[in-house]
There are 2 protein chains.
Amino acid sequence: MSNYTHQTAPTQFVDAAGIRFAYRRFGARSDIPLLFFMHFTGTMDHWDPAVTDGFARDREVILFNNAGVSSSSGEVPTSIEEMAQHAAAFINALGVKKLDALGFSIGGFVAQQFTVDRPDLARKVILVGTGPRGGEGMASLTPEGQEIFGATYDPADELWLRAFFTPSERSQAAGRKYLERQRARKENRDPLPNDKVAPAQLAALQKWGAPAKDPYAYLKKITQPTLVVNGSNDVLVYTVNSFILQQNLPDAQLILYPDSNHGAQYQYPELFVEHATLFLRGSPNRGDHRRTA
Amino acid sequence: MSNYTHQTAPTQFVDAAGIRFAYRRFGARSDIPLLFFMHFTGTMDHWDPAVTDGFARDREVILFNNAGVSSSSGEVPTSIEEMAQHAAAFINALGVKKLDALGFSIGGFVAQQFTVDRPDLARKVILVGTGPRGGEGMASLTPEGQEIFGATYDPADELWLRAFFTPSERSQAAGRKYLERQRARKENRDPLPNDKVAPAQLAALQKWGAPAKDPYAYLKKITQPTLVVNGSNDVLVYTVNSFILQQNLPDAQLILYPDSNHGAQYQYPELFVEHATLFLRGSPNRGDHRRTA
């Protein structure tokens with residue numbers, strides 16, 4: 001599709017539903033792009049180039065900022081449902097008819113809702129560091145999350161060393177490498193999100209995570225092959241929620257990595273891309289999936 | 001190491017601890033063989049050639065019958081601890097100083113105990129369709145297991161269609177293919193185990209699975225990198241036990257496959273071998289593991 005990479009892909013814009021959406025596209029020519037749904041308070045620059053460029057070797061990758069975040073216009077809505085509607089409007093404006101979705105954390109909530117709303121668009125789904133509606137410890141930020149997001153850091157992005165990695169020496173070393181990779185793009189970085197983003201996203205995630213009757217029933221609607229990935233010790237969306245997702249989704253594979261927290265996919269980026277690529281290609285033992293990407 | 005395959009490897013014998021152990025070795029030359037620990041009432045012929053020959057492309061594979069099973073002499077002991085001691089005596093007699101261990105079901109109990117007893121021998125561990133001491137629903141055969149093993153089948157090996165696969169059409173179709181593969185060896189098959197095997201193994205697994213105080217503490221001793229694999233709906237060793245293993249082992253990765261039961265690795269044999277090979281080679285993001293097998 002292009003010679004662009006995570007570092008060089010220009011920020012482009014498309015108008016839909018009254019929003020000017022910022023996005024970046026890069027990677028190998030492929031029929032089905034991989035659309036990335038970002039986490040709490042993140043911008044396109046928060047994705048790990050080892051992951052995005054890793055996928056881009058085989059397929060087209062699309063990053064975007066949802067409404068109200070960073071270089072996109074509009075306001076952040078206070079529900080996951082509205083975020084999913086914005087994402088669908090954005091994809092419609094791009095003219096994409098079929099995609100694979102990768103959602104991380106709150107982006108995983110949006111990817112689930114997007115798939116429920118638009119089963120025609122989503123072929124396969126990858127849910128990373130995330131959980132179901134009404135999952136365990138999801139009615140608000142976890143106590144660990146409140147402490148981590150309530151503290152101050154210098155430099156500020158060292159927040160992610162605590163939010164995404166465990167305290168172990170090995171995990172922290174991997175975290176510092178992630179920060180280096182994430183800082184490597186120098187030109188046309190996204191502006192940091194404004195002060196209205198975090199409260200609105202928090203309101204949305206609290207509604208999504210609130211206890212409910214039979215909360216996991218909606219997962220039966222996600223019949224797409226799904227890969228659920230998390231760290232062994234996710235303190236922001238507890239790891240058991242990944243197990244709950246796998247047990248309640250009709251066609252889900254689960255992978256949990258050792259000694260890792262919310263950002264396990266950034267601790268083991270090459271292994272994660274290998275696992276996810278095997279999943280996206282389709283298992284050699286599954287006649288219903290294509291063998292090649 | 002040899003041109004033998006699952007189908008052609010001769011049954012060999014070695015004497016140790018007063019037992020004449022039957023075993024088969026085949027596969028590519030490698031420093032570290034992969035030793036397979038068999039499930040309840042199984043013989044060497046119950047392994048799936050798609051799995052054993054899949055691994056044998058890259059490494060040496062060793063199958064064996066533990067004491068009292070099929071072509072091995074002696075009596076089946078009534079504890080996992082004695083089974084692990086027998087396995088260590090067998091490996092010592094072969095002169096193997098370092099290995100990777102793959103244990104399935106009760107073979108996974110033995111592989112855990114073997115690793116606790118002989119950390120010098122085990123480099124990495126793969127635990128399939130198994131659980132920890134005192135795990136959930138492990139104090140006896142599960143109700144589903146009692147029903148499945150209590151019924152009669154014609155032909156008799158169709159037992160495994162129910163024990164290893166889900167009732168879904170896709171899983172049953174995969175099960176029939178597994179049975180075909182498993183029946184393909186025509187020469188020098190193992191004799192079926194005698195009537196004393198099942199009761200002794202049952203006594204051993206009941207002791208292993210009995211409720212205990214702080215039952216998972218011993219898992220901290222298994223510091224080897226471990227891969228835990230199971231189906232989404234294991235009715236013989238409930239799937240939650242694989243999650244418990246992963247959460248309590250110091251360095252474990254978990255993979256759960258969709259729409260699958262106790263024998264998930266035979267439902268997705270090529271994918272399982274790919275995942276396990278990635279694990280055995282060492283993650284590209286883990287400096288402590290070798291990149292090649």
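Refer to the preceding data block for the structure.
Report follows, based on the coordinates. (Residues numbered from 1 in each chain as written. Chains lettered and ligands numbered in written order. Predicted model: local features only at pLDDT ≥ 70, side-chain atom pairs only at ≥ 80, totals over all residues. Heavy atoms only, no water.)

A closer look at the nonpolar core
Judged by nonpolar contacts, the single largest core of 102 residues is most densely connected at Phe 37 and Phe 90 of chain A together with Phe 37 and Phe 90 of chain B. Residues in contact with Phe 90 of chain B, not counting those within four places in the same chain, are Val 14, Ala 16, Phe 21, Tyr 23, Leu 35, Ile 62 and Phe 64 of chain B. With 85 residues, the next largest nonpolar core counts Ala 22, Met 38, Trp 47 and Phe 104 of chain B among its residues. (Core = buried A, V, L, I, M, F, W, Y, C linked by side-chain atoms within 4.5 Å. Buried < 20%, exposed > 50% of the residue type's maximum accessible area, 1.4 Å probe, protein only. Contact = heavy atoms within 4.5 Å.)

Details of unusual backbone geometry
Of note, the bond from Asp 154 of chain A into Pro 155 of chain A is cis; its omega dihedral lies within 30 degrees of zero at 0 degrees. With respect to the helices and strands, Pro 155 of chain A occurs in the loop between α4 (143–150) and α5 (159–164). With phi around 40 degrees, Asp 259 of chain A is a residue other than glycine that occupies positive phi space. The residue Asp 259 of chain A is located in the loop between β8 (252–257) and α9 (264–267) in this model. A relative accessible area of 18% means that Asp 259 of chain A is categorised as buried. Of note, Asn 188 of chain B is a non-glycine position whose phi angle comes to about 55 degrees, a positive value. Looking at where Asn 188 of chain B falls in the secondary structure, it is placed in the loop between α6 (169–183) and α7 (197–209). (Helix = DSSP H or I, 4+ residues; strand = E, 2+ residues; numbered from the N terminus.)

Quick word on helix α1 (residues 49–56) of chain B
For α1 of chain B, a buried count of six out of eight residues is recorded, marking the element as mostly surrounded by other parts of the structure. Residue Asp 48 of chain B occupies the N-cap position of α1 of chain B, its side-chain oxygen lying 2.8 Å from the main-chain nitrogen of Ala 50 of chain B. (Polar contact = N/O pair within 3.5 Å; in protein donor to acceptor, adjacent residues only side chain to side chain.)

Focus: the side chain of Asn 230 of chain B
Residue and element names in this part refer to chain B. Within the secondary structure layout, Asn 230 lies in strand β7 (residues 226–231). Given the relative accessible area of 1%, Asn 230 is considered buried. Within the structure, the side chain of Asn 230 is placed 3.2 Å from the side chain of Ser 242, a separation counted as a polar contact. Each residue touching Asn 230, except ones within four places of it in the same chain, is listed here: Gly 129, Thr 130, Val 237, Thr 239, Ser 242, Ile 255, Leu 256, Tyr 257, Asn 261, His 262 and Ala 264.

A few points about the environment of Leu 227 of chain B
All names here are of chain B. You can see Leu 227 is positioned in strand β7. Here Leu 227 falls in the buried class, since its relative accessible area comes to 0%. Dropping the residues within four chain positions of it, Leu 227 is found in contact with Val 125, Ile 126, Leu 127, Gln 253, Ile 255, His 275, Ala 276 and Phe 279.

Regarding the pairing of strand β5 (residues 99–104) of chain B
Residues and elements named next belong to chain B. For β5, the buried fraction is high: six of the six residues fall into the buried class. Burial of the side chains of β5 extends over both faces: Leu 99, Ala 101 and Gly 103 are buried on one face and Asp 100, Leu 102 and Phe 104 on the other. With four bridges joining them, strand β3 (residues 34–37) and β5 adopt parallel strand pairing. By the bridge assignment for β5, Leu 35 is matched with Ala 101. Judged from the five bridges that link them, β5 and strand β6 (residues 122–128) form a sheet pairing that is parallel. Counted as the bridge partner of Gly 103 is Leu 127 from β6. Since β5 and β6 lie parallel, the crossover through helix α3 (residues 106–117) that links them has a hand, and here it is right-handed. (Pairing = 2+ DSSP bridges. Right-handed = clockwise from strand over helix to strand, strands pointing away.)

Section: the environment of His 39 of chain A
Residues and elements named next belong to chain A. Note that His 39 resides in the loop between β3 (34–37) and α1 (49–56). Considering only alpha carbons, one finds His 39 and Gly 103, 64 residues apart in sequence, at a separation of 7.8 Å. Excluding residues within four positions of it along the chain, His 39 makes contact with His 46, Phe 104, Ser 105, Ile 106, Gly 107, Trp 160 and Phe 164.

Description of the packing of aromatic side chains
All told, the structure shown has 41 aromatic pairs over all chains when counted by the stated rule. By the ring-pair criterion, three or more aromatic residues cluster together here, those being Phe 40, Phe 104, Phe 149, Trp 160, Phe 164, Phe 165, Tyr 178 and Tyr 266 of chain A. We note Arg 133 of chain A situated over the ring of Tyr 218 of chain A; from NZ or CZ to the ring centre the distance is 5.6 Å. Its end group placed over the ring of Phe 279 of chain B, Lys 124 of chain B keeps NZ or CZ at 5.2 Å from the ring centre. (Phe/Tyr/Trp six-rings, centres within 6.5 Å; stacked < 30°, edge-to-face > 60°. Lys NZ or Arg CZ within 6 Å of the ring centre and 35° of its normal.)

Let's talk about the packing of α1 of chain A against helix α10 (residues 269–281) of chain A
Residue and element names in this part refer to chain A. Taken N-terminus to C-terminus, the directions of α1 and α10 make an angle of 35 degrees; their axes are 9 Å apart at the nearest point. As α1 packs across α10, the resulting crossing turns out to be right-handed. Residues Ala 50, Val 51, Gly 54 and Phe 55 of α1 pack against Pro 269, Phe 272, Val 273, Ala 276, Thr 277 and Leu 280 of α10. Looking at side-chain class alone, the contact of α1 with α10 contains eight nonpolar, two polar and no charged residues. (Axes fitted to C-alpha atoms, helices over the stretch in contact; angles between N-to-C directions. Left-handed = near helix turned anticlockwise from the far one by under 90°. Nonpolar A, V, L, I, M, F, W, Y, C, P; charged D, E, K, R; others polar.)

Observations regarding the pattern of salt bridges
Once their charged atoms are close, side chains differing in charge can pair, the charge on each being opposite to the other. Counted under the stated rule, the structure contains 25 salt bridges over all chains. Taking the shortest distance from any N to any O, the salt bridge between Arg 24 of chain A and Asp 190 of chain A comes out at 4.0 Å. Of this pair, Arg 24 of chain A sits in strand β2 (residues 19–27) while Asp 190 of chain A sits in the loop between α6 (169–183) and α7 (197–209), and the two are 166 residues apart along the sequence. Here Arg 24 of chain A matches Asp 190 of chain A in class, with each residue buried. Linking Asp 45 of chain B and Arg 24 of chain B is a salt bridge whose minimum nitrogen-to-oxygen distance equals 2.9 Å. Linking Asp 45 of chain B in the loop between β3 and α1 with Arg 24 of chain B in strand β2 (residues 19–27), this pair joins segments that are 21 residues apart in sequence. (Salt bridge = Lys/Arg side-chain N within 4 Å of Asp/Glu carboxyl O.)

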